[in-house]
Amino acid sequence: MTSDVKEIFSSDSPPAPAALAAKVRTLAPSMTRSMQLVAEAVAGDPAGCAALTVTGLAERTGTSEATVVRTARLLGYPGYRDLRLALAGLAAHQESGRAPAVTADIAVDDPIADVVAKLAYDEQQTLADTAAGLDTVQLGAAVAAASTARRIDVYGVGASSLVGQDLAQKLLRIGLIAHAHTDPHLAVTNAVQLRSGDVAIAITHSGSTGDVIEPLQVAFDRGATTIAITGRPDGPVTQYADHVLTTSTARESELRPAAMSSRTSQLLVVDCLFIGVAQRTYETAAPALAASYEALAHRHNPRTR
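Computed from a prediction, not measured in an experiment: that's the story for all the values here.

## Digging into the overall build of the chain
Each helix and strand counted, the chain has 14 helices and 5 strands in total. Taking all contacts inside the chain whose residues are at least 6 apart in sequence as the whole, residues at least 24 apart take part in 70%. If you sum the accessible surface of the chain, you get close to 15000 Å²; carbon and sulfur atoms cover 54% of it.

The following block contains the structure:
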């Protein structure tokens, strides 16, 4: 776990009990295996773990007291005592309002009603996890950069390219110059033209997609402000990102590829970024958006033309 990752997820106060499980799911892939054991235990049985001393939790997870304390601190708590209090609060929260007893593990013979319930629950969990882990300071800095950018380039491939196109379309409609690049060659040749005052945004759930990292690195080297939207805050893409916006870690299953839930979390981050920019540029964004609606109105009601 790098110091940059700790900084991204750190805050002035410990996370609220309800956000603890989301933070565990987001950070777990970047933890050591022993820390994962502790994190999984506290997220899976908050009531049981809240009753344990640091020695008891270490014995239960087959780790050490030092590992338990390090895990507590990584999750945002000054020490194990504070984590125990949060676990007790989380247990009480779950007891008073339990989530539906469904999971995202869709079976091939599930009735369609169960499929709907499981997907809806997992989408809600993905959005909650993303909201809990999103650093609003980083988001605010990204909004400020995009609001004054001469030009905004967005890079993404596969499912992430769809999210990139969604962002670029939104920004265009409020009067900003934005382009989504899905061809890696064109992405690099466009990145070469960027400079200080421009913004480049890379969208990659894994954080290691070469076709997305390469143009972002070029933009970074050219002096543009760079933003990474990724599910892995320790991934290679963050080396070239001035600002990192973290999405939820997708839970993949046989019938539900990770691209589905990762896209959901990416779209939430993109919407937050867009709304922030629209608020900041409202005097120009509002008339631009109205003009775009007017220009397309006849397509929605051809008889009025």
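## Some remarks on the sheet that holds strand S3 (residues 199-204)
Spatial strand order, S2-S1-S3-S4-S5: 5 strands in an open sheet with parallel pairing. If you trace the sheet from one side to the other, it starts and ends with strand S2 (178-181) and strand S5 (243-246), each paired once. Here the average twist between neighbouring strands, direction ignored, is 15 degrees. Where helix H10 (residues 159-173) meets the sheet, its contacts fall on strand S1 (152-155), S2 and S3, and the angle it forms with S2 comes to roughly 170 degrees. Contacting S1 and S2, helix H11 (residues 184-191) crosses the sheet at an angle of about 150 degrees to S1.

## Quick word on the packing of aromatic side chains
Counted by the stated rule, this structure contains 1 aromatic pair. Taking 6.1 Å as the distance between ring centres and 70 degrees as the angle between the ring planes, the aromatic pair formed by phenylalanine 220 and tyrosine 240 counts as edge-to-face. You can see phenylalanine 220 sitting in helix H12 (residues 210-221) and its partner tyrosine 240 sitting in the loop between strand S4 (225-230) and S5, a full 20 residues away along the chain. In this structure, arginine 173 packs its charged tip against the face of tyrosine 293, placed 4.7 Å from the ring centre.

## Re H11
Among the residues making up H11, those that are buried are Ala187, Val188 and Ala191. The arc enclosing the buried residues of H11, seen along the axis, measures out at 95 degrees, which places them on a common side. Close packing links the buried residues of H11 with S1, S2 and H12. The backbone nitrogen of histidine 185 has a side-chain oxygen 2.8 Å away, supplied by the residue at the start of H11, namely aspartate 183.

## Here's the deal with the nonpolar core
Counting 29 residues, the largest nonpolar core has Ile152, Leu171, Ile174, Ile201 and Leu245 as the members making the most contacts within it. Elements that contribute at least two residues to this core include exactly helix H9 (136-147), S1, H10, S3, S4 and helix H13 (258-280). The greatest single-element share of this core, amounting to 6 residues, is contributed by H13. The residues touching isoleucine 152, leaving out its near neighbours within four places in the chain, are Ala146, Leu171, Leu176, Ile177, Ala178, His179, Val199 and Ile201.

## Digging into the confidence of the model for the chain
As a note on interpretation, predicted positions should not be read in detail where pLDDT is low. On average, residues of the chain carry a pLDDT of 84, and 84% of them reach 70 or more. Ranking the elements of the chain by mean pLDDT puts helix H1 (residues 3-9) last with 38 and S1 first with 98. Here residues 1-12 scores under 50 on pLDDT; set against residues more than four positions off or in separate chains, the count is 19 contacts.

## Considering helix H5 (residues 54-61)
Here H5 has its buried residues at Gly56, Leu57, Ala58 and Thr61. A positive phi of about 70 degrees marks glycine 62, the residue just after H5.

## Side note on the side chain of threonine 67
Along the chain, the position of threonine 67 falls in helix H6 (residues 65-74). Engagement of the side chain of threonine 67 in a polar contact is seen with the side chain of arginine 70, the distance being 3.3 Å. Here threonine 67 is in contact with Ser34, Met35 and Val38, once residues within four sequence places are set aside.

Analysis parameters
Residues numbered from 1 in each chain as written. Predicted model: local features only at pLDDT ≥ 70, side-chain atom pairs only at ≥ 80, totals over all residues. Heavy atoms only, no water. Helix = DSSP H or I, 4+ residues; strand = E, 2+ residues; numbered from the N terminus. Contact = heavy atoms within 4.5 Å. Areas by Shrake-Rupley, 256 points an atom, 1.4 Å probe, with all protein chains shown as cover. Pairing = 2+ DSSP bridges. Axes fitted to C-alpha atoms, helices over the stretch in contact; angles between N-to-C directions. Phe/Tyr/Trp six-rings, centres within 6.5 Å; stacked < 30°, edge-to-face > 60°. Lys NZ or Arg CZ within 6 Å of the ring centre and 35° of its normal. Buried < 20%, exposed > 50% of the residue type's maximum accessible area, 1.4 Å probe, protein only. Arc of directions from axis to C-beta. Polar contact = N/O pair within 3.5 Å; in protein donor to acceptor, adjacent residues only side chain to side chain. Core = buried A, V, L, I, M, F, W, Y, C linked by side-chain atoms within 4.5 Å. pLDDT = per-residue confidence, 0-100.

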